[in-house]
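These are the residues of each chain, in order.
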Amino acid sequence: MSERLQRAVSLTIEAGYQLDKKAFDFLNILSKTEDPIQLMEKAIKKLETASEKPLFINRDLLEEVAKEALPEIIEEKSLLALPPHPVLEAKGTFHASAKDIDTDIKILEDPTEEICETGTLEEYLDYFRDRFKRIEKILRQRIDAKDASSISDALKAPVNSKVKIISMITEKRESKQRLFLRVEDLNSSATVLVSPDKDRKTMKKARELMLDQVVCIAAVKARNELLVAKDIIWPDTPQRKPKGASMPVYAALISDLHIGSKMFMKEAFNRFLLWLNGKFGNPKLRELASHVKYVVIAGDVVDGIGVYPKQIEELVIKDIYEQYRMASKFIEEVPDYIELIMIPGNHDASRKALPQPAIPHNYAEPIHETRKVYSLGNPCTISLHNVQLLLYHGRSLDDIVSVASDVSLNAPEKAMKLLLQSRHLAPVYGGKTPIAPEQRDFMVIERPPDILHCGHVHVLGYESYRGTLLVNSGAWQKQTKFQEEMGLTPTPGIIPVVNLQTLEVTPINFSTA
Ligand code: D5M
Ligand code: FE
Ligand code: ZN
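Predicted, not measured: the structure shown is a model, and the values here were computed from it.

Caption draft 1: Spatial organisation of the overall build of the chain. From N to C terminus, the chain includes 15 helices and 19 strands. In terms of principal-axis extent, the alpha carbons of the chain reach across some 100 × 50 × 40 Å. In the chain, the proportion of contacts linking residues at least 24 apart, taken out of those at least 6 apart, comes to 71%. Total accessible area computed for the chain in this model is approximately 22,900 Å², and 50% of it derives from carbon and sulfur atoms.

In structure tokens, the structure reads:
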């Protein structure tokens, strides 16, 4: 108990009152950001004018006083945990099994220390060459693409001979039922014609291609330097047996808290924290909580400032440092035996271009002061009990949705599948996703992970694809005006909890008490 909280309690007792448990819990939470002494003084003063003086001070009275004394705090400024209904404090003891499990976390890839671009044109060329080479290597591991030739060799082949090239798609044009692709490799370029084939399979595959993607094209050499496509081979990922932990240990995957936004769902998030502490939910849910050893935050910890039009009107905390300070108050409630891993999103205080280094220490300082946290870059790869997780906020999912057909933000796992199939986290260049021309393309998915954890979309979604669990962890922010205009309906307050042994997902809804 903090010193000021202790003094507030002594003050109450000296005045002849007792605090009941709920009132004490309320004061305790409030004391993290406000002065508990001032509040108790006001409560005692109020009781002095009452005709009948109670022995116990209850929560209702404290809330009433708090509302009068700190109107902004309780109403819109309040990011304090004030559930609308008394929280169903679970009865019985809570044995946190996860406390007995030794931490097993390895950081396999983190761009934070390796970022070094300056942004010249030459750097962009090098960046795209690196992207090409890395995905080419992945493609050549496929039986059906390993014998591909260069574009210039394919163009030299006799007319009507079969050729295969690995290339980046630089242009896509459709006219009169025919599709023209302009493609490039490291040395030359060519035009590929896709005409409606018998089963329309090639046409369908060609239509699904996104610009800047690297694929293998099987074609027939025609006259006039033209290649006629017969098949399009994506790098994709081989079917794998997922690797699980050797024991039942769970990770709660979350993202997009947006602390500082009026739409941050503090009550729901508070229920999540209570649940982690074994104080919320039915016995089954509490049993699940007892196995949670990791909480992973895939970006957008705070709402930041100036991120979307008119955001200022929807901010309760307009200073980003204060937003991180408030975040630390919540994060403090995560039990110590649980390891916390966090990466930045496009609302956080890192640079916006991908890859993003870890949230700079001077911003995240209150969180680091509060507890141990693995603060890593976006994207990064970690291993938890030998289960590999690729963590990526997911900004490029916006671009995928705008260029790919049959994919919408309502089913983010479908867009995530396209990332895995392209073996790149931001396959489309020049959309909403800024990419820095690093010497090495950190966005290539070198090894398909056991779990790909993204956020950003604010919609919960998960699906298993060829041995990789694709998870989008939703959000803790209600729909903003901007999202409403964009037609995005989020599913906030529902999060996926993953059993690292079986890779089974349990969604838990904290949005209602
Ligand atoms: O993004 C939250 C959601 O809002 C995400 O699904 C995309 C949508 N969004 C955000 N910015 C845009 C723009 N500029 N166009 C279209 N859709 C957008 P967040 O990063 O949390 O703001
Ligand atoms: Fe977000
Ligand atoms: Zn985002």
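Next comes the rest of the write-up.
Caption draft 2: Looking closely at the pattern of salt bridges. For the structure shown, the criterion picks out 28 salt bridges. The salt bridge involving Arg4 is made with Asp35; its shortest N-O contact spans 3.1 Å. Residue Arg4 is found in helix H1 (residues 3-14), and its partner Asp35 is found in the loop between helix H2 (21-30) and helix H3 (36-48); the two are separated by 31 residues along the sequence. Asp35 gets classed as partly exposed once you look at its relative accessible area, which sits at 27%. Two residues, Glu463 and Lys414, come together in a salt bridge whose shortest N-O distance is 2.8 Å. A residue pair is termed long-range when its members are at least 10 positions apart, and Glu463 in strand E16 (residues 460-465) and Lys414 in helix H14 (residues 412-422) qualify at 49 residues. For Lys414, a relative accessible area of 35% gives the class partly exposed. Three or more residues are tied together by salt bridges with common partners; here these are Glu413, Lys414, Lys417 and Glu463.

Caption draft 3: Focus on the sheet that holds strand E18 (residues 494-499). Judged by pairing direction, the sheet is mixed, and its six strands sit side by side in the order E12-E11-E10-E9-E18-E19 without closing on themselves. Both edges of this open sheet fall to strand E12 (374-375) and strand E19 (504-509), since each of them pairs with a single strand only. Strands strand E9 (250-254), strand E10 (292-298), E18 and E19 of the sheet are contacted by helix H9 (residues 266-276), whose axis makes an angle of about 155° with E10.

Caption draft 4: View of the coordination of the iron ion (ligand 2). For the iron ion (ligand 2), every protein donor is listed as Asp256 (OD), His258 (NE2), Asp300 (OD) and His458 (NE2), and the spread of their distances is 1.9 to 2.3 Å. Linear spacing of the donor residues for the iron ion (ligand 2) on their chain is D-x1-H-x41-D-x157-H. Here the iron ion (ligand 2) and the zinc ion (ligand 3) are spaced 3.1 Å apart, and both take Asp300 as a donor. Separated by 200 residues along the polypeptide, His258 in the loop between E9 and H9 and His458 in the loop between strand E15 (451-454) and E16 bring together distant segments of the chain. Note on accessibility: His258 and His458 belong to one class, buried.

Caption draft 5: Here's a closer look at the nonpolar core. Membership of the largest hydrophobic core comes to 63 residues, with the highest contact counts inside it found for Leu181, Val183, Ile217, Leu227 and Leu425. Ranked by the residues each element gives to this core, the list is headed by helix H6 (residues 121-140), at six residues. When near neighbours in sequence (up to four residues on either side) are disregarded, Ile217 contacts Val163, Lys164, Ile165, Ser167, Ile169, Leu181, Val183, Val192, Ala229, Asp231 and Ile232.

Caption draft 6: Main features of the site of ligand 1. Close contacts around ligand 1 come from 15 residues, with His258, Asn346, His347, His456 and His458 the closest. Within the side chain of Asn346, one N or O atom sits 2.8 Å away from an oxygen atom of ligand 1. At 3.0 Å, a side-chain N or O of His456 approaches an oxygen atom of ligand 1. Expressed as a share of its isolated accessible area of 470 Å², the protein-covered part of ligand 1 is 86%. Ranked by residue count, the leading element in the shell around ligand 1 is helix H15 (residues 481-486), at three residues. By residue class, the composition of the shell around ligand 1 is five nonpolar, six polar and four charged.

Caption draft 7: View of empty space enclosed by the protein. One pass over the full model with this rule turns up one cavity of 30 Å³ or more. The space that makes up the largest cavity amounts to roughly 70 Å³. Surrounding the largest cavity, Gly345, Asn346, Lys352, Leu354, Gln356, Asn378, His393, Arg395, Thr433 and Pro434 form its lining. Classifying every residue of the lining of the largest cavity gives two nonpolar, six polar and two charged.

Caption draft 8: Quick peek at the sheet that holds strand E6 (residues 189-194). Strand order in this closed barrel of five strands is E4-E5-E6-E8-E7, and the pairing throughout is mixed. Sheet twist, expressed as the average angle between the axes of neighbouring strands with direction ignored, equals 55°. Pairing of strand E7 (residues 214-221) with strand E8 (residues 226-233), which is carried by six bridges, proceeds in the antiparallel orientation. By the bridge assignment, Cys216 is partnered in E8 with Ile233. Against the sheet, H6 contacts strand E4 (162-175), strand E5 (178-184), E7 and E8, and its axis sits at roughly 125° relative to E4. Sheet contacts for helix H8 (residues 201-208): E4, E5, E6 and E8; angle to E8, the most-contacted strand, approximately 85°.

Caption draft 9: The arrangement of the packing of H2 against helix H4 (residues 59-69) in detail. At a minimum axis separation of 8 Å, H2 and H4 run at an interaxial angle of 35°. Where H2 approaches H4, its residues Lys22, Ala23, Phe26 and Leu27 are matched on the opposing element by Arg59, Leu62, Glu63 and Ala66. Of the residues in the contact of H2 with H4, the class split is five nonpolar, no polar and three charged.

Caption draft 10: Quick look at H14. H14 sits mainly inside the fold: nine of its eleven residues count as buried. Buried within H14 are the following residues: Pro412, Glu413, Ala415, Met416, Leu418, Leu419, Leu420, Gln421 and Ser422. Where H14 is buried, its residues contact H6, helix H13 (397-403), E15, E16 and strand E17 (468-473). Two residues or fewer after H14 comes Arg423, characterised by a positive phi angle close to 55°.

Caption draft 11: Molecular detail of the coordination of the zinc ion (ligand 3). For the zinc ion (ligand 3), the full set of protein donor atoms is Asp300 (OD), Asn346 (OD1), His393 (NE2) and His456 (ND1), and the range of their distances to it is 2.2 to 2.3 Å. If you list the donors of the zinc ion (ligand 3) from N- to C-terminus, the spacing comes out as D-x45-N-x46-H-x62-H. Classification of Asp300 by relative accessible area gives buried; the value is 0%. Owing to a relative accessible area of 1%, His393 belongs among the buried residues under this scheme.

The rules we used
Counting restarts for each chain: residues are numbered from 1 in the order of the written sequence. Note on labels: chains are lettered from A, ligands numbered from 1, in written order. Only residues with pLDDT of 70 or above have their local features reported here, since the model is predicted, and side-chain atom pairs are shown and tallied only from 80 upward, although totals for entire chains, interfaces and linings are computed over all residues. Just so you know, side-chain values use all the structure's heavy atoms and leave hydrogens and water out. Only runs of H or I of at least four residues qualify as helices and only runs of E of at least two qualify as strands under DSSP, and these elements are numbered from the N terminus. A contact between two residues is defined here by any heavy atoms of the two lying within 4.5 Å. Accessible areas in this description were obtained via Shrake-Rupley with a 1.4 Å probe; residue shielding takes into account the shown protein chains only. For this analysis, a salt bridge means a side-chain nitrogen from Lys or Arg found within 4 Å of a carboxyl oxygen belonging to Asp or Glu. Throughout, exposure labels follow a simple rule: accessible area from a 1.4 Å probe, protein chains only, divided by the maximum for the residue type, with under 20% read as buried, over 50% as exposed, and the rest as partly exposed. Whether two strands pair depends on DSSP finding at least two bridges between them. Between N-to-C directions, angles cover 0 to 180 degrees, with each direction set by a line fitted to C-alpha atoms, over the stretch in contact for helices. Note that water is not among the atoms considered, so a metal site may appear incomplete; the donors listed are N, O and S atoms within 2.8 Å of the metal, with 3.2 Å applied to Na, K and Ca. The term nonpolar core refers to a set of buried residues drawn from Ala, Val, Leu, Ile, Met, Phe, Trp, Tyr and Cys, joined through side-chain atoms within 4.5 Å. To be near a molecule or strand, a residue needs just one of its heavy atoms within 4 Å of it. N or O atoms closer than or at 3.5 Å make up a polar contact, with two conditions inside protein: a donor-capable atom paired with an acceptor-capable one, and, for residues adjacent in sequence, both atoms drawn from side chains. Polar here means any residue other than Ala, Val, Leu, Ile, Met, Phe, Trp, Tyr, Cys and Pro, which are nonpolar, and Asp, Glu, Lys and Arg, which are charged; Gly is therefore polar. In this analysis a 1.4 Å probe is tested at points of a 1 Å grid over the protein atoms alone, and where it fits but cannot get out there is a cavity; an open set with protein on both sides within 12 Å along at least five of seven lines is a pocket; lining residues have an atom within 4 Å of a point. Grid points are joined across faces, edges and corners, and a volume is the space filled by probe spheres set on the points.

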